[in-house]
Amino acid sequence: MKSVLLSLVILLTSFVMGFCVEKTHMTEFKPGAIWLDTEGKPINAHGGGVIFADGNFYWYGEHKIWGKSEAQKADGGIHAYKSKDLMNWEDLGVVLSVDYDNPDSHIAYGCILERPKVIYCARTKKYMAYFKLYEKGKGYDTAYLGVAQADSPEGPFKYSHRVLCAAAQKGTGDFFLFVDGNGDLWHLAVRKPDKAFCLTKFDEEYKTPIDSSVKVLEGIPLKTEAPAGFFKDGKFFLLGSGSSGWAPNTARLLKANSIFGPFEFLGNPTSGVNPINKLGPDKTFGGQSSFIIKHPTKDLYIAMFDIWTPEHPIEGKYIWLPITFDADGTPKIVWRNSWKIE
Ligand code: DGJ
């Protein structure tokens, strides 16, 4: 009798608890507001990018460690989320962790691991993750590109190696990756220390930069950070920012006929004001670009930005806004308090 009663109590408790767990369902995008995952936890995927694979969207970003400031080493690896609609994200957890056990690892805890982007390599059938990687204890000195790989978009990713792009001994900063029609991978980033914007082709398996392919791109202002590119109507557009650490600055937009340039400077594409922080176009609503999502079935381009909060990086917010196009095809990014995918 006692055990029947106990089972009943357990059953009832689990039933009640099942109802109490907060499930979140988003019906619109709310740029700049706290964005909860499907379990009601704030999304922790900063400086990220999104891919579409097997009918799902995957968002990969920097996992920031709770309670640590940037100065106290907040980078914990790559955190992934999965979604059908780009608004409601299921937490897949940390798919590449920094190494807490081996202080000699390239990705030992204390390293800087930023701006992860995932690309599928059809030749090897691997999901390749790339990220800015600075060695533990060296600050923002040599900027490697870290490489990890997985068999599935859900991970886990295994750290593979690090490379220096743009044939630069000090490496490269924030980057944009692009796979061309031949299936070749290209890396676009600012070169250190001269801050020229460079293009580098990778080898067949997307593992090693080819030094002889490096080209300085004409028309991109020096110190362009946070590049996020997309193609539309035969033009290549590159959205980026200036360089001011974690503090927001003015967005910049460039246009070319291909990733090889030459680039034409189109100025600042943003307008409107973020009412949460009162920041407008001169400060990119308080954000910095990280990626542009091309919707796989709609004529929709979404610009992703991060609002960095270096004292409490885990509390950084996201701004996702649709890109609109003027009659002459010029991209514009207008602030919206909320919006939906039509
Ligand atoms: C701006 C970059 O875009 C970020 O990823 C980060 O590296 C900060 N600078 C560091 O100051």
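In this report, the structure presented in the accompanying data block is examined. (Residues numbered from 1 in each chain as written. Predicted model: local features only at pLDDT ≥ 70, side-chain atom pairs only at ≥ 80, totals over all residues.)

## Quick notes on the overall build of the protein chain
- What the protein chain contains, in helices and strands, is 1 helix and 22 strands.
- Relative to its length of 342 residues, the protein chain is compact, with a C-alpha radius of gyration of 21 Å against a globular reference of 20 Å.
- Dimensions along the principal axes, computed over C-alpha positions, put the protein chain at roughly 80 × 50 × 40 Å.
- Within the protein chain, contacts between residues separated by at least 24 positions form 46% of all contacts whose residues are at least 6 apart in sequence. (Helix = DSSP H or I, 4+ residues; strand = E, 2+ residues; numbered from the N terminus. Rg over C-alpha atoms; globule rule 2.2 N^0.38 Å. Contact = placed C-beta atoms within 7 Å.)

## Digging into the sheet that holds strand 11 (residues 197-202)
- One open sheet holds the 4 strands; their spatial order is 9-10-11-12, and the pairing between them is antiparallel. Looking along the sheet, the strands with just one partner apiece sit at the ends: strand 9 (172-179) and strand 12 (209-216). Between one strand and the next, the sheet's axes are offset by a mean angle of 25 degrees, whatever the strand orientation.
- Note that strand 11 and strand 12 share 4 bridges and pair antiparallel. The residue of strand 12 that forms the bridge with C198 is V216. (Pairing = 2+ DSSP bridges. Axes fitted to C-alpha atoms, helices over the stretch in contact; angles between N-to-C directions.)

## Structural notes on the site of the ligand
- Around the ligand, the neighbouring residues are G47, E114, R115, D174, E225, A226, G245, W246 and Q288.
- When contributions to the shell around the ligand are tallied by element, the ones reaching two or more residues are strand 5 (112-121) and strand 13 (225-232). (Near = placed C-beta within 6 Å.)

## So, the pairing of strand 10 (residues 185-191)
- Strand 10 sits mainly inside the fold: 6 of its 7 residues count as buried.
- Here strand 9 runs beside strand 10; their pairing, made up of 6 bridges, is antiparallel. Looking at the pairing, L177 lines up with H187 of strand 10.
- Two strands pair when backbone bridges link them, and strand 10 and strand 11 are joined in this way by 5 bridges, in the antiparallel orientation. Bridge assignment links L188 to a residue of strand 11, and that residue is L199. (Buried ≥ 20, exposed ≤ 12 C-beta atoms within 10 Å, placed from the backbone.)

## What to know about the sheet that holds strand 18 (residues 288-294)
- The sheet built from 3 strands is open, its strands ordered 18-19-20 with antiparallel pairing. Strands at the two margins of the open sheet, each flanked by one partner only, are strand 18 and strand 20 (317-322). Adjacent strand axes in the sheet meet at a mean angle of 25 degrees when their direction is disregarded.
- Sheet analysis places strand 19 (residues 301-307) next to strand 20, joined by 6 bridges and oriented antiparallel. Bridge pairing in strand 20 links I302 to P322.

## Describing unusual backbone geometry
- P156 follows G155 through a cis peptide bond whose omega is -5 degrees.
- Tracing the backbone through its elements, the reader meets P156 in the loop between strand 7 (144-150) and strand 8 (158-163).
- With an omega of -5 degrees, the peptide bond between G261 and P262 qualifies as cis.
- Following the sequence through the fold, P262 ends up in the loop between strand 15 (252-256) and strand 16 (264-267).

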